[in-house]
Amino acid sequence: MKKPRLFSLVIILLVTTLSLTSCDNIIINNDFTIDQRAIHQSKQVYKYLKNQETRELKELFCEKSDLLNDLTAEIEGAYEFIDGEIISCGEIKTGSESASYRRFKVVRYHVEVDIYEVITDTGYEYNIYLGYQMVDEEEKDIEGLLDIDIIDETSYESAIELYGEDEVDINDFRYVIGRWEDK
């Protein structure tokens, strides 16, 4: 009788430990998990792009992106890249993520958030990919929004239909705000 109880207790402890140590449950600021905070900020990015609120969007970027880029010009360029006014979006969800720990404490946490099916009043569809450094104990100037990658899905798919997938480069249908790795 004691073996099944002990086995059940071990299983419960194992499941509890795994759920408490998974990336989705990392708590910051005693309010949100890191992923919840990234989703919340991504909803703000969507709203600021939709309403063309340049100053508010610029404030979400990390210090390094702001220092190495002309974010105001890049954000205003995004408004020109997007054909028409944004009227809706589909799902907003976290994509890839990575974390580094030191002594059971998160010292670096990166997450990607994807905003799918951003539709404009002209019928164009875009997907928007956001890169965040949510925690970085070693380089505080890169905490925040790193970059915004906007893909014109409508034109990209049309080009593939016209020329074939091997002849089309997705970079021809991409607009990036804030990227500094190459600078």
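All values derive from a computational prediction rather than experimental measurement. (Residues numbered from 1 in each chain as written. Predicted model: local features only at pLDDT ≥ 70, side-chain atom pairs only at ≥ 80, totals over all residues. Heavy atoms only, no water.)

Some points on the pattern of salt bridges
Evaluated as defined, the whole model comprises seven salt bridges. Between Lys140 and Glu143 there is a salt bridge, and its shortest N-O distance comes to 3.4 Å. Taking relative accessible area as the criterion, Lys140 reaches 46% and is therefore assigned partly exposed. (Salt bridge = Lys/Arg side-chain N within 4 Å of Asp/Glu carboxyl O. Buried < 20%, exposed > 50% of the residue type's maximum accessible area, 1.4 Å probe, protein only.)

So, the side chain of Glu153
Along the chain, the position of Glu153 falls in helix α6 (residues 153–163). The side chain of Glu153 is buried and forms no salt bridge, while Arg174, the nearest opposite charge, is found at 8.0 Å. Reaching out from Glu153, the side chain makes a polar contact with the side chain of Asn127 at a distance of 3.2 Å. The contacts of Glu153, once residues within four sequence positions are left out, are Glu125, Tyr126, Asn127 and Tyr129. (Helix = DSSP H or I, 4+ residues; strand = E, 2+ residues; numbered from the N terminus. Lys, Arg positive; Asp, Glu negative; His and termini not counted. Polar contact = N/O pair within 3.5 Å; in protein donor to acceptor, adjacent residues only side chain to side chain. Contact = heavy atoms within 4.5 Å.)

Regarding the nonpolar core
By size, the foremost hydrophobic cluster in this structure holds 34 residues, and its most contacted members are Val45, Leu57, Leu130, Tyr132, Ile148 and Ile177. Listed by contribution, the elements that provide at least two residues to this core are α2 (34–51), α5 (71–81), β5 (105–120), β6 (125–136), β7 (144–152) and β8 (174–177). When residues in this core are grouped by element, the largest group, seven residues, is from α2. Sequence-distant contacts of Ile148, defined by excluding residues within four places in its chain, comprise Val45, Leu57, Phe61, Ile128, Tyr129, Leu130, Tyr175, Val176 and Ile177. Membership of the second largest hydrophobic core comes to five residues, among which are Tyr156, Ile160, Val168 and Phe173. (Core = buried A, V, L, I, M, F, W, Y, C linked by side-chain atoms within 4.5 Å.)

Points about α6
When α6 is considered as a whole, its buried residues turn out to be Glu153, Tyr156, Ala159 and Ile160. Projection of α6 onto a plane perpendicular to its axis shows the buried side chains occupying an angular sector of 130°, all on one side. Exposed positions of α6 whose direction lies more than 90 degrees from the buried face are Glu161 and Leu162. Contacts from the buried residues of α6 go to β6 and β7. A side-chain oxygen of the first residue of α6 lies 3.2 Å from the backbone nitrogen of Thr154; this N-cap is Asp152. Gly164 sits one or two residues past α6 and shows a positive phi near 95°. (Arc of directions from axis to C-beta.)

Quick notes on the confidence of the model for the protein
The predicted model of the protein has a mean per-residue pLDDT of 82, with 79% of residues at 70 or higher. Model confidence for the protein, summarised as mean pLDDT per element, is weakest for strand β1 (residues 27–28) at 44 and strongest for strand β3 (residues 86–88) at 97. Taken together, the stretch residues 14–30 has pLDDT below 50 and engages in 23 contacts with residues farther than four places along the chain or on a different chain. (pLDDT = per-residue confidence, 0-100.)

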